[in-house]
Amino acid sequence: MSVVRSLQQSGCSTTDASAAAILACTNAVRINPDVLSDASCFASVQAEIKWPPRLPLSNNSFLAEAADYHNSWMAWDDTLTHQVNGELALGDRVTAFGYSWSRVSENVAWGYKSAKDVVSGWLCSSGHRANMFSCNYADIGVAADTDWLYYTQASRLVGKLWLPGRQDLLQLRQHQILACTNAVRVNPDVLSDASCFASVQAELKNPPRLPLNYDANLTAAAVYHNNWMVSYSTMSHQLSGEPSLGDRASMHSYNWWRIAENVAAGYGSAKSVVSGWLWWGGGERLKPR
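Residues numbered from 1 in each chain as written. Predicted model: local features only at pLDDT ≥ 70, side-chain atom pairs only at ≥ 80, totals over all residues. Heavy atoms only, no water.

## Overview of unusual backbone geometry
A cis amide bond, omega 0°, links Trp51 with the succeeding residue Pro52. Mapped onto the secondary structure, Pro52 falls in the loop between helix 3 (42-50) and strand 1 (58-59). In this structure, Pro207 follows Asn206 across a cis peptide bond, with omega equal to 0°. When you line up the elements, Pro207 lands in the loop between helix 9 (197-205) and helix 10 (216-232). Positioned with a positive phi, Asp78 is a non-glycine residue whose angle comes to about 50°. Along the polypeptide, Asp78 turns up in the loop between helix 4 (61-77) and helix 5 (90-96). (Helix = DSSP H or I, 4+ residues; strand = E, 2+ residues; numbered from the N terminus.)

Here is the structure:
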C-alpha cells in the first residue's frame, strides 16, 4: 500500500496525540480535507483547503528535533508561545539542529488530547491553517508532550525565497502541474468539477494509481520540446527538424522502454491544463505508459 493511500485511510486519531499521529493527521488532511469535515470551521474553509490539491509533507528528523527542543521549553515554562524567554528564535533553533532553510513556520498548541483535536484547532485558526496547507512547504517536523499536552509543528519552504522572474514563474508552474497531476491520480475527485468527470470517473478510480516520481532528465526533455513549440508557436508532438519523443528522452540521458507525452496550449492554470488532459482521453488520460 502506498504512503499516500495509507494516509487517506488512516485519517486522524481520536485517541492518540503522539507526534506520529499528528504528522499522519496533518498529511491525511492535506491530501483529503474531508477527513476533518466535522470540524466546526470546515464549511467556511473547505474551498480554501481543497484547491489547489496538496501533497503530503516529508518528515524531517532535524525539524523534528528542533520542534521537540521548543516543545520542551514550553512544557518546562508551562507557556504556549513561539519563543520562551531565553530560548533561541525559531530560525536559529532550526539552524542549530543542522537544518538548512530559507523560510520556516511553526504551529503550536496546548491542552488537546488527540491528533484530530490538535489538527482541527490549527485548521480553524487562519494563521495556523495557512502554515499547514501551504503549497510551498516540503518538509515537516512534529513534537508532542502527551503528559503536559504541548505540541509543536515546524514546516520549511521548498527551495529559495525569490521575487519571481519569468524563468522562476515557469518553474513554479511546472511544479504546480506536477502537483495537480499527482493529486488527481491519487484522488480523482479533486477534479470532480471537470466537464467530463461523470463520464470518466470509473476509469480514473479503478485501478487506484500512485503518484509519479519527478525525474530531472525527463523534465529537461520536456522543457526542450516545450521550447520548440514556443519557438514555432505550434502545439505538436514533433516539430520539423526536432528529434522524436524517444530520441529526445534518450539524448537527455533517460533510459526508457515505453514513453508517452501530453502537450497543451492556451491554459491559464495547472487545474485547466490537467482538466484538459483529463478530457482528452483515448483511454490514457493520466496513466503512465
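Next comes the rest of the write-up.
## Digging into the environment of His237
Along the chain, His237 falls in the loop between helix 10 and helix 11 (245-251). Classification of His237 by relative accessible area gives partly exposed; the value is 42%. Measuring from C-alpha to C-alpha, the distance between His237 and Glu261 comes to 7.6 Å, with 24 residues separating the pair along the chain. (Buried < 20%, exposed > 50% of the residue type's maximum accessible area, 1.4 Å probe, protein only.)

## Examining the packing of helix 6 (residues 115-123) against helix 7 (residues 126-133)
Helix 7 packs onto helix 6 with a crossing angle of 105° between their chain directions and a minimal axis gap of 6 Å. Between helix 6 and helix 7, the angle falls in the class roughly perpendicular. Residues Val119, Trp122 and Leu123 of helix 6 lie in contact with helix 7, whose contacting residues are His128, Arg129, Met132 and Phe133. (Axes fitted to C-alpha atoms, helices over the stretch in contact; angles between N-to-C directions. Parallel < 35°, antiparallel > 145°, perpendicular 65-115°, else oblique. Contact = heavy atoms within 4.5 Å.)

## Structural notes on the pattern of salt bridges
For the structure on display, the rule yields nine salt bridges. The salt bridge involving Glu48 is made with Arg129; its shortest N-O contact spans 3.0 Å. One end of the pair, Glu48, is in helix 3; the other, Arg129, is in helix 7, and 81 residues separate them in sequence. On the accessibility criterion, Arg129 (10% relative accessible area) is buried. In this structure, Arg93 engages Glu106 in a salt bridge whose closest nitrogen and oxygen atoms are separated by 2.5 Å. One end of the pair, Arg93, is in helix 5; the other, Glu106, is in strand 2 (residues 104-110), and 13 residues separate them in sequence. For the pair formed by Arg93 and Glu106, the shared burial category is buried. (Salt bridge = Lys/Arg side-chain N within 4 Å of Asp/Glu carboxyl O.)

## Some details on the packing of helix 2 (residues 19-31) against helix 6
Running from N to C, helix 2 and helix 6 cross one another at 50°; their axes reach a closest spacing of 9 Å. Taken together, helix 2 and helix 6 sit at an angle that is classed as oblique. Read as a crossing pair, helix 2 and helix 6 show a hand that is right-handed. Across the interface between the two elements, Ala21, Ile22, Cys25, Thr26 and Val29 of helix 2 pack against Ala115, Lys116, Val118, Val119 and Trp122 of helix 6. For the contact of helix 2 with helix 6, a count of residues per class yields eight nonpolar, one polar and one charged. (Left-handed = near helix turned anticlockwise from the far one by under 90°. Nonpolar A, V, L, I, M, F, W, Y, C, P; charged D, E, K, R; others polar.)

## As for the nonpolar core
By size, the foremost hydrophobic cluster in this structure holds 27 residues, and its most contacted members are Ile22, Val29, Val119, Leu123 and Tyr151. Within the second largest apolar cluster, 15 residues are counted, among which are Ala194, Val200, Ala270 and Trp277. (Core = buried A, V, L, I, M, F, W, Y, C linked by side-chain atoms within 4.5 Å.)

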